[in-house]
Amino acid sequence: MKLQRRALLLAGLLAPAAAIAEQFAGKYNPLAEQVADGLWMVRGADEAIGFANGGAIANSAIIATDAGAVLFDPGVSREHGRALGALAQKLTGKAVGRVYISHLHPDHAMGAAAFDPAIVHALPATRADLERDGEGFSDAMYRLLADWMKGTAVVLPQGDVTEGQAEFGGRQFRLMALKGHSGGDLALLDEATGTLLAGDLVFHDRAPSTPHASLPDWRASLDRLAAMPHKLLVPGHGPLDRDGSAIAQTRDWLGWVEQTLHDAVAHGLDMSEAGELPIPPRFSTLKAARYELQRSVSHFYPRLEAELLPKL
Amino acid sequence: MMAKLMTAALLVTASAPALAAPADPLHSPMWEHHAARLFGKDAVVFDQRVAVRIPEIAENQRIFPVTVDARALPHVRRIVLFADLNPIPVAVDYAPTGAEPFLATRIKLDQRTPVRAAVQTEDGTWHVGGSWIDAAGGGCSAPPVSRVKGDWADHLGEVRAGQWPEKAGETRLRMTFRHPMDTGLVENIPAYNIERLTLRDDSGRSLGEMQIFGSVAEDPAFTLVVKATGAISFEARDTAGLRFPGKVGA
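Residues numbered from 1 in each chain as written. Chains lettered and ligands numbered in written order. Predicted model: local features only at pLDDT ≥ 70, side-chain atom pairs only at ≥ 80, totals over all residues. Heavy atoms only, no water.

In the annotation of an unreviewed UniProt entry, chain A is listed under the name Quinoprotein relay system zinc metallohydrolase 1 and assigned to Novosphingobium jiangmenense. UniProt lists a comment for chain A under the heading Sequence similarities (unreviewed entry), and it reads "Belongs to the metallo-beta-lactamase superfamily. Class-B beta-lactamase family." (UniProt positions renumbered as here; feature names shortened; annotations may be inferred.)

And the structure:
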């Protein structure tokens, strides 16, 4: 009898907690890894955006300067942006003075909601992308992430970034206006340390995602990144690249996806069959490979069919 | 006490209409409704031999690929592809008269839903397979891309097709049609969709008959495996009576 009552009590205690567990978000707890003098990388989870990870899947970088911290990619939500801002303050002793958004995707861009739009800078193409797709992304993120997104509105960057040298707080940056992963992809070279912040033009041990990709543009951008001398590369997703392998790996995956889907259409496969094709062993280190292949099928297949299936 | 309960249960069973369908392993809120409507008093079994192959993510809720492969089942008469929680649940009703029980196409998703195929064999039994897929809203209730772009009429009825040898005596056939596939659920755009697809071999023998509904994706694509080689002709017809014919292997 005693046992039963205890079981009931326990059940009573646990049941409501379990029932509401999904309703409330946790706290973002971004962790920084110092990769160079005055430069830290904050790793995202190498996963799909989901409630369990709060959407914190993209890498960010923090750079110390005399005029305040530079935050490259402010995360997915207002709370995420605030947590990254607090981390930057703790690491550099200064508040965030400049935010760069590498491109429009919500895991990189929507955390700008935590900052004054005047200090948020991006390529003009990225602002145009956000004007077009920002609200749609916002809907999608609220659906997936619910409470994690509270207070997050679409913030349009006010500062225009242009290709070339830039100085902030005494630190010299080389800014690159690229495209291919999206309509506007910003990369930043920190000249003092030779660290290249590549945004989502470069994925590392995590399969590249292609919802707004133009593969010829992407490849041309990879050429430019490879030609830019650097010692370290912070990819948009995945671990720090110390040996220059991430650019080649990204290029290899994109080429494989393009050829594979082309062949799939040419051999009469439908979309779901193409998404089940075997992934070569050389990509076994890439996280989320099957997931991204199936997403890429969705992005590219109808266009390939229109190109390759004979018109009657 | 127990006896009373059993009596009550018996009474309920006796007074309720006989439900042929077994309990749903996917626990869909709409299962009993759809089962009663689609299967009536026919026998229903959940059967692993009905493979419903879908991606792990609905990347685009307007174009969600589904492959139904029931080639492990003998003597298939009919394949019904449906999504329980879509406002237009049934997407395709296919009679593979001279074809393998295999079908690949794309459907719209209006929310998280089970996606299933019910495959009827010659003995009348329905074999059901499928799984849940999470999806954002709007697959059925947002206007098609070609309506937003405004160029749907410029390409209406454009047909593309190809054929590939499958196993001996069989041909894999792929067909795509440019069509808005309007669901009627978007304000000021009435329902307008391809509603029928028929396939014949060179002698005029029927290879397949398909009823098609507005929950099939815009610019529909179909992949089928017919038990014929050589010239195969097909014709789609839409709800305005327009016909979109094609022929491969001629």
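Structure's up, so let's keep going.
**Observations concerning the overall build of chain A**
The helix and strand inventory of chain A stands at eight helices and 12 strands. Taking 20 Å as the expected radius of gyration for a compact globule of 312 residues, we find that chain A reaches 21 Å, a close match to that expectation. Expressed as a percentage of the 312 residues in chain A, the buried residues total 55%. Considering only contacts in chain A between residues 6 or more positions apart, those separated by 24 or more positions represent 69%. (Helix = DSSP H or I, 4+ residues; strand = E, 2+ residues; numbered from the N terminus. Rg over C-alpha atoms; globule rule 2.2 N^0.38 Å. Buried < 20%, exposed > 50% of the residue type's maximum accessible area, 1.4 Å probe, protein only. Contact = heavy atoms within 4.5 Å.)

**Notes on the overall build of chain B**
Counting secondary structure elements, chain B contains four helices and 15 strands. Here the C-alpha radius of gyration of chain B, 20 Å, is about what a compact globule of 250 residues would show, namely 18 Å. A principal-axis box enclosing the C-alpha atoms of chain B has dimensions of 75 × 45 × 35 Å. Going through the 250 residues of chain B one by one, you find that 53% of them count as buried. When contacts within chain B are restricted to residue pairs at least 6 apart in sequence, long-range pairs at least 24 apart make up 66% of them. Looking at chain B, you have 27 positive and 29 negative side-chain charges, and the mean spots of the two groups are 3 Å apart. (Lys, Arg positive; Asp, Glu negative; His and termini not counted. Charge placed at Lys NZ, Arg CZ, Asp CG, Glu CD.)

**A short note on the sheet that holds strand S1 (residues 32–36) of chain A**
Residue and element names in this part refer to chain A. Read across the sheet, seven strands follow the order S1-S2-S3-S4-S5-S6-S7 without closing on themselves; strand pairing throughout is mixed. Two strands close off the open sheet at either side, each with one partner strand: S1 and strand S7 (159–160). In this fold helix H2 (residues 78–92) packs onto S1, strand S2 (39–42), strand S3 (60–63), strand S4 (69–72) and strand S5 (96–100), with an angle of close to 35 degrees to the strand it touches most, S3. (Pairing = 2+ DSSP bridges. Axes fitted to C-alpha atoms, helices over the stretch in contact; angles between N-to-C directions.)

**Structural notes on the packing of aromatic side chains**
Within the structure shown, the criterion is met by 12 aromatic pairs over all chains. Between the aromatic rings of Trp253(A) and Phe283(A), the centroid separation amounts to 5.2 Å while the plane-to-plane angle is 80 degrees, which identifies the pairing as edge-to-face. With Trp253(A) in helix H6 (residues 245–266) and Phe283(A) in the loop between helix H7 (271–274) and helix H8 (289–308), this residue pair connects regions lying 30 residues apart in the sequence. Stacked on the ring of Trp132(B), the Lys or Arg Arg112(B) has its end atom at 4.5 Å from the ring centre. (Phe/Tyr/Trp six-rings, centres within 6.5 Å; stacked < 30°, edge-to-face > 60°. Lys NZ or Arg CZ within 6 Å of the ring centre and 35° of its normal.)

**Some points on the packing of H6(A) against H8(A)**
Residues and elements named next belong to chain A. Relative orientation of the contacting elements H6 and H8 amounts to 50 degrees, with a least axis distance of 9 Å. On the basis of the axis angle, H6 is oblique to H8. Crossing geometry of H6 relative to H8 is assigned as right-handed. Within the contact between the two elements, H6 uses Trp253, Trp256, Val257, Leu261, His262, Ala264 and Val265 and H8 uses Ala289, Glu292, Leu293, Ser296, Val297, Phe300, Tyr301, Leu304, Glu305 and Leu308. Of the residues in the contact of H6 with H8, the class split is 13 nonpolar, two polar and two charged. (Parallel < 35°, antiparallel > 145°, perpendicular 65-115°, else oblique. Left-handed = near helix turned anticlockwise from the far one by under 90°. Nonpolar A, V, L, I, M, F, W, Y, C, P; charged D, E, K, R; others polar.)

**As for the pairing of strand S9 (residues 159–165) of chain B**
Extensive coverage of S9(B) is indicated by the burial of five of its seven residues. Between S9(B) and strand S10 (residues 171–177) of chain B, which pair antiparallel and follow one another directly, the connecting turn spans five residues, one of which, Gly169(B), has a positive phi of 80 degrees.

**Considerations on the packing of helix H5 (residues 215–227) of chain A against H6(A)**
Residue and element names in this part refer to chain A. H6 packs onto H5 with a crossing angle of 165 degrees between their chain directions and a minimal axis gap of 10 Å. With respect to each other, H5 and H6 are oriented roughly antiparallel. Between H5 and H6 lies a crossing whose hand is left-handed. On H6, the residues touching Leu215, Trp218, Arg219, Leu222, Asp223, Leu225 and Ala226 of H5 are Ile247, Thr250, Arg251, Leu254, Gly255 and Glu258. Each residue belonging to the contact of H5 with H6 can be placed in one class, and the counts come to seven nonpolar, two polar and four charged.

**Some thoughts on the confidence of the model for chain A**
Residue-level pLDDT values for chain A average 92, and 93% of them are 70 or greater. Every residue in residues 1–21 of chain A scores below 50 in pLDDT, and together they form one contact with partners more than four places removed in sequence or on other chains. (pLDDT = per-residue confidence, 0-100.)

**A word on the sheet that holds strand S15 (residues 243–248) of chain B**
Residues and elements named next belong to chain B. An order of S1-S8-S7-S4-S5-S12-S11-S14-S15 is seen for the nine strands of this open sheet, with the pairing classed as mixed. Both edges of this open sheet fall to strand S1 (44–46) and S15, since each of them pairs with a single strand only. Sheet twist, expressed as the average angle between the axes of neighbouring strands with direction ignored, equals 15 degrees.

**Side note on the interface of chain B and chain A**
Listed per partner, the contact involves 30 residues of chain B and 26 residues of chain A. For the pair chain B and chain A, the summed buried surface comes to about 2,400 Å²; carbon and sulfur atoms form 49% of the total. When residues of chain B are sorted by the area they lose upon contact with chain A, Glu59(B), Arg160(B) and Arg174(B) head the list and together hold 25% of the total. Across the contact surface, chain B and chain A share nine salt bridges. For Arg172(B), the salt bridge goes to Glu273(A), with nearest N and O atoms at 2.9 Å. (Buried area = accessible area lost by both parts, 1.4 Å probe. Salt bridge = Lys/Arg side-chain N within 4 Å of Asp/Glu carboxyl O.)

**Structural notes on the pairing of strand S3 (residues 64–69) of chain B**
All names here are of chain B. Most of S3 sits out of view: six of its six residues are buried. Note that strand S2 (residues 51–53) and S3 share three bridges and pair antiparallel. Within the sheet, the bridge partner assigned to Arg53 lies in S3 and is Thr67. Pairing between S3 and strand S6 (residues 99–107): six bridges, direction antiparallel. Looking at the pairing, Pro65 lines up with Arg106 of S6.

**Digging into the UniProt feature "domain: Metallo-beta-lactamase" (unreviewed entry) in chain A**
Per the UniProt record, "domain: Metallo-beta-lactamase" (unreviewed entry) is annotated on residues 57–237 of chain A. Helix makes up 30% of residues 57–237 of chain A and strand 29%. Its end C-alpha atoms lie 7 Å apart.

**Quick notes on unusual backbone geometry**
One non-glycine residue, Ala288(A), adopts positive backbone phi at about 60 degrees. Mapped onto the fold, Ala288(A) is located in the loop between H7 and H8. You will see that Met181(B), though not glycine, has its phi angle at about 50 degrees, which is positive. Within the element layout of this structure, Met181(B) appears in the loop between S10 and strand S11 (194–201).

**Considerations on the pattern of salt bridges**
Residues and elements named next belong to chain A. Here the structure, examined in full by the defined rule, presents 40 salt bridges over all chains. Salt-bridge contacts for Arg132 lead to Asp129; the nearest nitrogen and oxygen are separated by 3.4 Å. A residue pair is termed a helical-turn pair when its members lie 3 or 4 positions apart in one helix, as Arg132 and Asp129 do in helix H4 (residues 124–145) at three residues. Given a relative accessible area of 52%, Arg132 falls into the exposed group. A salt bridge links Arg224 to Glu163; the shortest N-O distance between them is 2.8 Å. Here Arg224 is found in helix H5, whereas its partner Glu163 is found in the loop between S7 and strand S8 (164–168), with 61 residues between them in sequence.

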